[in-house]
Each structure stands twice: as structure tokens, then as C-alpha cells.
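Here is how the chains run, residue by residue.
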Amino acid sequence: MDEEEDLRLARITPEISRRTLVMLRALAGLEPPERVPEEAMLVADAILAEHGTDGLRVLAMTLAAWATAQIENVAELSRRSHEAVLDAMELACLEANAEE
């Protein structure tokens, strides 16, 4: 990224981070779980409408950073490697797709 891009993204990062946290609070425990993607898409669409692709990029960067931190946390707490945690996540996705 160049300096102009860094500054542009930095200006919207606090708002996008706040909205990401609000979204995660609303999604955690949502029933049925199949509603999670739909609700997340509504947030992404709103961010896209307000901030364009820069907003979506910041949303993706924020989610990636938080997800990575939580994967590391789960790995440490469960005494598994990062790869083992990710393998379990991938297996869950494969099983969910097989049921469809």
C-alpha cells in the first residue's frame, strides 16, 4: 500500500472496527445459525454503500486480525497447533457442505 492509501484506510478503520464489533455481538449466539451469513452480508452491504471497496477492505482486515488472534488463543488453550485448530475448522466446513 502507498502512503495515500494507508491514510485513507486509517481514517475509516476506527468506525469499521466499531461496526465490526457491533456485528459480532449481534451474530454471536444468533439462532438459527444459518442467519449469520445473511446478517453479516447486510453489514457488509451497508459498509460498501457508505465507504466503497475501501470499507470492505478494512472490514476484511479487521475480521482477519481478530480471527487470527482467536485461532491463536484457541490453539494455546487447547494445547493444539494452529494447523490443528484450522484443520478442525476446515473439517466442520466440509461436514456442513456435505449435509447440503
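See the structure above.
Thresholds applied
- Residues numbered from 1 in each chain as written.
- Predicted model: local features only at pLDDT ≥ 70, side-chain atom pairs only at ≥ 80, totals over all residues.
- Heavy atoms only, no water.
- Helix = DSSP H or I, 4+ residues; strand = E, 2+ residues; numbered from the N terminus.
- Buried < 20%, exposed > 50% of the residue type's maximum accessible area, 1.4 Å probe, protein only.
- Contact = heavy atoms within 4.5 Å.
- Areas by Shrake-Rupley, 256 points an atom, 1.4 Å probe, with all protein chains shown as cover.
- Lys, Arg positive; Asp, Glu negative; His and termini not counted.
- Charge placed at Lys NZ, Arg CZ, Asp CG, Glu CD.
- Patch = residues over 30% accessible without salt bridge, like charges linked within 9 Å, V, L, I, M, F, W, Y side chains within 5 Å.
- Salt bridge = Lys/Arg side-chain N within 4 Å of Asp/Glu carboxyl O.
- Polar contact = N/O pair within 3.5 Å; in protein donor to acceptor, adjacent residues only side chain to side chain.

Asks: Please clarify how the overall build of the protein should be interpreted in this entry.
Replies: Helix and strand counts for the protein stand at three helices and zero strands. Along the protein, helices (α) and strands (β) appear in the sequence α-α-α when read from the amino end. Expressed as lengths along the three principal axes of its C-alpha atoms, the size of the protein is roughly 40 × 30 × 20 Å. A buried classification covers 20% of the 100 residues belonging to the protein. Taking the intrachain contacts of the protein between residues at least 6 apart in sequence as the baseline, contacts between residues at least 24 apart amount to 57%. Just so you have it, the protein exposes about 7300 Å², and 60% of that area is on carbon and sulfur atoms. Computed over 9 positive and 21 negative side-chain charges, the inter-centroid distance for the protein is 7 Å.

Asks: So what exactly am I meant to see when it comes to a nonpolar patch on the surface here?
Replies: Residues L21, L24 and W66 make up a contiguous nonpolar surface patch of about 240 Å² in total accessible area. Within the secondary structure, L24 sits in helix 1 (residues 3-27). L24 gets classed as partly exposed once you look at its relative accessible area, which sits at 33%.

Asks: Any chance you could explain the environment of D45 here in plain terms?
Replies: By the secondary structure assignment, D45 is in helix 2 (residues 35-78). For D45, a relative accessible area of 41% translates into the label partly exposed. For the pair formed by D45 and G55, sequence separation is 10 residues and the distance between their alpha carbons is 9.9 Å.

Asks: How do you make sense of the side chain of T20 when you look at a structure like this?
Replies: Locating T20 in the fold gives a position in helix 1. Given a relative accessible area of 0%, T20 falls into the buried group. Polar side-chain contacts of T20 include one of 2.7 Å to the backbone oxygen of I16. Among residues more than four places away in sequence, those in contact with T20 are L59, T62, L63 and W66.

Asks: What's the story with the pattern of salt bridges in this structure? I'm lost.
Replies: Pairing between side chains of opposite charge can happen when the charged atoms of each approach one another. One pass over the structure, following the stated rule, counts six salt bridges. Here E15 and R19 are joined by a salt bridge, their closest N and O atoms 3.1 Å apart. Placement of both E15 and R19 in helix 1 is noted, with a separation of four residues, approximately one turn of the helix. Taking the relative accessible area as the measure of exposure, E15 reaches 29% and is therefore partly exposed. Using a relative accessible area of 14% as the deciding quantity, one classes R19 as buried. The salt bridge involving R19 is made with E50; its shortest N-O contact spans 2.8 Å. Of this pair, R19 sits in helix 1 while E50 is found in helix 2, placing the two residues 31 residues apart along the sequence. Here the salt bridges share partners, and the residues they tie into one network are E5, R8, D54 and R57.

Nothing here speaks to function; it is geometry throughout.
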